[in-house]
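# An overview of the molecular structure
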2 protein chains.
Amino acid sequence: MEHAVTFLPANRTARVPTGVSLIKAARALGLHINSSCGGAGVCGKCRVKIEQGQVEGGSSEKLSAADLAAGYRQACTALVAGEVTVRIPVESGASGGAFSTVAPERQRARMHLFDLEALKQEGLFEPPVEKLCLELTPPSPADNRADAGRMIQGLAEQYGLRQVAVNLPVLRRLGRVMRENNFLITVTVARSVNGKFRNQIVNVQAGCWSGRNFGLAIDIGTTTIYGQLLDMHSGAILAEEGDYNPQISYGEDVISRIVFAEKAEGLATMNELVVAAINNLIRRLLARPLPPSPGLSETPIGREEINSVTVAGNTTMTHLFLGLAPDHIRRAPYVPVSTFFPPLRATDLGLDLPPHALALVYPSVSSYVGGDIVAGVMGSGMYRTGLLTLYIDIGTNAEIVIGNRDWLVCAACSAGPAFEGGGITHGMRAARGAIEDFSLNPETWEPMNITIGDRPPIGICGSGLLIIVAALFRHGALNQAGRFNPIDTPRLRQGKNGMEFVLAWEADAGVEHDIVINEVDIDNFIRAKAAIFAGAKTLIEEVGLSVADLEQIILAGAFGSYIDLDAAMTVGLLPEVAPEKVLYVGNGSLMGARMSELSNHIRRDVVEVVRKLTSFELSEVRHFKDQYVASLFLPHTDISLFPKVSRWLNR
Amino acid sequence: MEHAVTFLPANRTARVPTGVSLIKAARALGLHINSSCGGAGVCGKCRVKIEQGQVEGGSSEKLSAADLAAGYRQACTALVAGEVTVRIPVESGASGGAFSTVAPERQRARMHLFDLEALKQEGLFEPPVEKLCLELTPPSPADNRADAGRMIQGLAEQYGLRQVAVNLPVLRRLGRVMRENNFLITVTVARSVNGKFRNQIVNVQAGCWSGRNFGLAIDIGTTTIYGQLLDMHSGAILAEEGDYNPQISYGEDVISRIVFAEKAEGLATMNELVVAAINNLIRRLLARPLPPSPGLSETPIGREEINSVTVAGNTTMTHLFLGLAPDHIRRAPYVPVSTFFPPLRATDLGLDLPPHALALVYPSVSSYVGGDIVAGVMGSGMYRTGLLTLYIDIGTNAEIVIGNRDWLVCAACSAGPAFEGGGITHGMRAARGAIEDFSLNPETWEPMNITIGDRPPIGICGSGLLIIVAALFRHGALNQAGRFNPIDTPRLRQGKNGMEFVLAWEADAGVEHDIVINEVDIDNFIRAKAAIFAGAKTLIEEVGLSVADLEQIILAGAFGSYIDLDAAMTVGLLPEVAPEKVLYVGNGSLMGARMSELSNHIRRDVVEVVRKLTSFELSEVRHFKDQYVASLFLPHTDISLFPKVSRWLNR
């Protein structure tokens, strides 16, 4: 249920669901409330006054009984429970006037799903493995066709399915199965994706079981592995699970995994770890209680009812999963063993699935544009749009794809780990206590730290870093080169690594030191965003277009969902486009894997898409280095590329 | 080296190779020489006089020094060594005049091979698995295609091979193999049999090894298993081995094997036995010293160099080999599990072959017209001839195929085991001491017994039985109903089973009793030949033709090579055609397996041939029973079907 929350003196109203804190409701409108402790309710800086209506909670030892009686609450712990009007007092941050808002409204990318209904409406819902019920006539003296021939001809007559082959395990059971229920059988058919292979009968059961057809979508990330259990009959997601990729103990990035895989037994170890992790996910997915699903009985799903699995991952993860030596991925000229993978038996890969289960592995484009990106391009529908689209998946590497249904170019950018908290003094992964959102009062330089889990801040995660740098830059604390201007606040001080800005004093922090951001951190951030922007700009200019021609941006990856669009366009991470033209697809790799599980058409199209995807090795492209250097500014040396920033910068 | 051997008084000359006995030379011309002891040199009845030239051997204690000096020798042990003139004295059998010959010239079917050179000339020599050498350019910054893509594109550029898929085991070794010999590799490709599906890369090796490509052809008979090791590069047969089918301990015929397979673990036992026997054959084939073969080095062939195997057998043998339950083969309406079999991994069948080796199993037509017959139809070239052909494979069952390149009909006839010595008082398999050839002096009723291995006779094998019945009938000892006429000889006597004729007295035999043939034996023989002839006649009349339209007969099976054509047409086993129109193909099943190994075209055509092969269940065909009863005469109740026999019968 949503409620109107009106903030004074700005007199701006947000509609937020029950239970959202006042501080987050304010932040969504771009209103600043001082908050050092990350919303943990300890610093006492975020006091606001309830002028009308009620909130839940918000009391604290920092507030006297008189304060409470007068309607004062802490904005970070006061939760919306109904329509309410709230005044932000001067001492809490917003002085009214010019600073009644100090940040643009929170604007994140619109969630976009290439969804099931669309798939069905377009006639693309066709799982690669189907279960078909066949009622056959029993043999007679006048019709003593072989069992297999009877079944195959039944498929042709009853379903129009031709070019069918039967494998040996099915033949070995066929006679018994056919006679168990008087020649009523269910045939599990793995359809040829493109007519280049025969349709394979991979299983037979006595009786009619067409409604029991399940599949898996798996994303093998360098850090995390996700899996979804799918009802292939309805297309519904029945369960989702995730876990760390256990290879992480042998190195956080792909290079260190490759180095380990080159050791004796290293590849086998890497392979066994990821296979075991996926098997564990499968176990957990099957153990989850089933959500209600149309046409699906409550009978628990048996492992033997899983008929297919689609796996997507970057090129190195794919190699390690398949047991392919990744050695040459890390050495110039960066050659993978293969970018296409044949349809496989899941059991041949060590997966705890029935012998008939089919495993499909997403193809890669190159060593650094992997199956995860291809899956994203497929799953997001980018390969079918007419709009000139920029697809970005930001992780340790950022992979960029530009194009539309007619052409596609791609490249990997070494963004470095800044967006994952790496190389930043107080950087951290997006975990509890990480500053994920931020605003700054440009009069008092008091910050509004919003942390994951509303804990006292212990560090800065990627989305926080982006928004902190954008706020410091926007309010003049940073210049275009990423150096601090001499602003008058004790929060700016000389540190070990140049000037630093204190985001939270130790007293308000969850750790025993101040939480700061310094010029080296900002440098690292700028290098990361410059690599991405320069990559995109180089790519699009290689095909004779410019960033101004972009009509759509699709963000993928965990980071993508948290990117504040205004911040990203302020610092020059993303080109300036209207915020409504930015879509977020979440885990593009997992989404693409699911879409392929549900649609043979997508499986078929992927081959053509990969052939079409022209991969650039940016280090080999002449102008990339220049583009990169030009991007090492906030937002860019060529300010004309960012007309909105240009307007306030020159004000 | 051949020599002219002239026999007097007939004054007929045979050309025979060095070392052939005089008695066999005489027999080949249809000349009779008394011989009771089977050519063992003990009865002394076959004395002949050398009138010119020399022979080797032929002396015996039955011949005095004076006899020897006068040029007398025993025809059975006197071997041709040069040009020679031999007189057969009256007492030895031929009285001259009307009886200077007492049997037609020995006429067996012409050996026919659908041979390698013909295959090559017609452009059909194309093994299903090829080894192709590829010299690839190493990767560079400007060309960092994946290893697999480089190989696949190399195959397209250098061999025009497209639509190629790579399997996982190959991918797992590919990076190392490519770099071991600077990107010179040998690719083993299993070609799509019909061009509709992908060609599979099943192996890669460093260096160029295109000349080392080996295959196996295997025939699984109910009694015997044969194997050939083939050089797939030249097409040559490098080795051949045979052994009993060890399932024989569980029953001699397919029905008893099926009954056993229905027991608990019975199918597994049958399967393991045949697989072990084939593995043993493979071991022996590989252990055989290699014959000189063009382009083949003397390096012994390694098991891992065998890339494919083609297996043919009857429907039950095929089921047991594949581990398919044969239960319904023996029960009306006689339904096999499958008649077509997918290409398989040899290792999935338990064969001791490398993981990449492909196993192809010949399709069947029905429960009783199996892959062995289909292989014969393919291997003999029957499916490509314009001549209206009768193909017969005689074993316990006789399978019959009639047709040509345009149409084919087939059926199995329950001939019974008479041709294998079963159900005949002194019947035996074709082994040492078996009477395999025979003639009769119609004046003295003295026989000329020729045995396998020139041993004193111990029984009668199939070819002997046929020729004995034919001789007795031709000379009036038997009437058309197969009963003895009252001829004046002590050799004809009342026995336990009606009248019997003594072929060899105990004194001349290798056993301690007389060797006889009685009226029950003759009855059983007539039933067997009647089943076959009636089957062929029924089939051909079902398609609106008559036996007189037949232009060619192809005999297959061990028995086929020994059939005396005149005898077969005298008793009404085969329809009367000119002897030169009868071909013998030996083990048709093994031959077909070999041809499929060497020619993808034959593998492709077999699918269409099997679809074309219309199978008749004779017991379901209206007129078969009448035809059978009409055939229970020598040669037939309708004597007009046998004009040659008719001529001398009515003389």
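Residues numbered from 1 in each chain as written. Chains lettered and ligands numbered in written order. Predicted model: local features only at pLDDT ≥ 70, side-chain atom pairs only at ≥ 80, totals over all residues.

### Digging into the overall build of chain A
Regarding its fold elements, chain A presents 16 helices and 28 strands. Its C-alpha atoms give chain A a radius of gyration of 28 Å, within 12% of the compact-globule value 26 Å for 651 residues. By principal-axis analysis of the C-alpha atoms, chain A measures approximately 100 × 60 × 45 Å. With 651 residues in all, chain A has 53% of them scored as buried. (Helix = DSSP H or I, 4+ residues; strand = E, 2+ residues; numbered from the N terminus. Rg over C-alpha atoms; globule rule 2.2 N^0.38 Å. Buried ≥ 20, exposed ≤ 12 C-beta atoms within 10 Å, placed from the backbone.)

### Regarding the domain arrangement of chain A
Its domain assignment divides chain A into domain 1 (2–102), domain 2 (106–126 + 381–584 + 599–651), domain 3 (128–206) and domain 4 (214–372). If you average the C-alpha positions of domain 1 of chain A and of domain 3 of chain A, the two centres end up 67 Å apart. (Domains from an automatic or database assignment.)

### Looking at the pairing of strand 26 (residues 552–556) of chain B
All names here are of chain B. Burial of strand 26 is extensive: 5 of the 5 residues sit out of reach of the surface. Summarising the sheet, strand 17 (residues 389–394) and strand 26 pair through 5 bridges and their orientation is parallel. In the strand pairing of strand 26, threonine 389 is matched with glutamine 552. Relative to strand 27 (residues 582–586), strand 26 is paired through 4 bridges, and the arrangement is parallel. Its bridge partner being in strand 27, isoleucine 554 is matched across the sheet by leucine 583. Regarding the hand of the β-α-β motif, the stretch spanning strand 26, helix 12 (residues 565–571) and strand 27 is right-handed. (Pairing = 2+ DSSP bridges. Right-handed = clockwise from strand over helix to strand, strands pointing away.)

### Looking at unusual backbone geometry
Residue and element names in this part refer to chain B. Between leucine 8 and proline 9 the backbone carries a cis peptide bond, its omega angle lying at 5°. Structurally, the position occupied by proline 9 is in the loop between strand 1 (2–8) and strand 2 (12–17). The omega angle of the peptide bond from alanine 332 to proline 333 is 5°, so this bond is cis rather than trans. Take proline 333: it is sitting in the loop between helix 8 (315–322) and strand 15 (344–345). Even without glycine at this site, phenylalanine 183 takes up a positive phi of about 70°. Position of phenylalanine 183 relative to the elements: it lies in the loop between helix 5 (168–180) and strand 9 (184–190). Non-glycine residue aspartate 454 carries a positive phi angle of around 50°. For aspartate 454, the location among the structural elements is in the loop between strand 21 (447–451) and strand 22 (459–460). Look at aspartate 454 and you get partly exposed, because 18 C-beta atoms sit within 10 Å.

### A short note on the sheet that holds strand 3 (residues 47–56) of chain B
All names here are of chain B. Ordered in space as 2-1-5-3-4, the 5 strands form an open sheet in which the pairing is mixed. Single-partner strands in this sheet number two, and they are strand 2 and strand 4 (72–74). Taking the axes of each pair of neighbouring strands and ignoring which way they run, one obtains an average angle of 45° across the sheet. Relative to strand 2, strand 1 runs antiparallel, the two sharing 6 bridges. Each bridged residue has a counterpart across the sheet, and for phenylalanine 7 the counterpart in strand 2 is arginine 12. (Axes fitted to C-alpha atoms, helices over the stretch in contact; angles between N-to-C directions.)

### As for the interface of chain B and chain A
Listed by partner, the interface residues are 39 residues for chain B and 39 residues for chain A. Broken down by secondary-structure element, the contributors of at least two residues to the side of chain B that touches chain A are helix 4 (147–159), strand 8 (164–166) and helix 5 of chain B. Counting residues per element, the side of chain B that touches chain A draws most heavily on helix 5 of chain B, which supplies 6 residues. The residue inventory of the side of chain B that touches chain A, partitioned by class, reads 22 nonpolar, 10 polar and 7 charged. (Contact = placed C-beta atoms within 7 Å. Nonpolar A, V, L, I, M, F, W, Y, C, P; charged D, E, K, R; others polar.)

### Side note on the pairing of strand 25 (residues 515–518) of chain B
All names here are of chain B. Side chains Ile515 and Ile517 of strand 25 all project onto a buried face; the interleaved residues Val516 and Asn518 project onto the opposite face, where all are buried too. With 4 bridges connecting them, strand 24 (residues 498–504) and strand 25 associate as antiparallel partners. Across the sheet, residue alanine 504 finds its bridge partner in strand 25, namely isoleucine 515.

### Examining the relation of the copies chain B and chain A
For the pair chain B and chain A, the superposition axis carries a translation of 0.2 Å, the fit reaches an RMSD of 0.3 Å, and the rotation angle comes to 180°. Here the symmetry operator amounts to a two-fold rotation axis. Proximity to the rotation axis, assessed at the C-alpha, singles out phenylalanine 197 of chain B in chain B; its C-alpha lies 2.4 Å from the axis. (Least-squares fit on C-alpha atoms with pLDDT ≥ 70 in both.)

### Considerations on the environment of asparagine 518 of chain A
All names here are of chain A. Relative to the assigned elements, asparagine 518 resides in strand 25 (residues 515–518). With 21 C-beta atoms packed within 10 Å, asparagine 518 lands in the buried category. Residues asparagine 518 and glutamate 500 lie 18 residues apart in sequence; the distance between their C-alpha atoms is 3.9 Å. Each residue touching asparagine 518, except ones within four places of it in the same chain, is listed here: Thr425, Gly495, Asn497, Gly498, Met499 and Glu500.

### Focus: helix 13 (residues 588–598) of chain A
Counting buried positions over the 11 residues of helix 13 of chain A gives 11, a clear majority of the element. Along helix 13 of chain A, the residues that are buried comprise Gly588, Ser589, Leu590, Met591, Gly592, Ala593, Arg594, Met595, Ser596, Glu597 and Leu598 of chain A.

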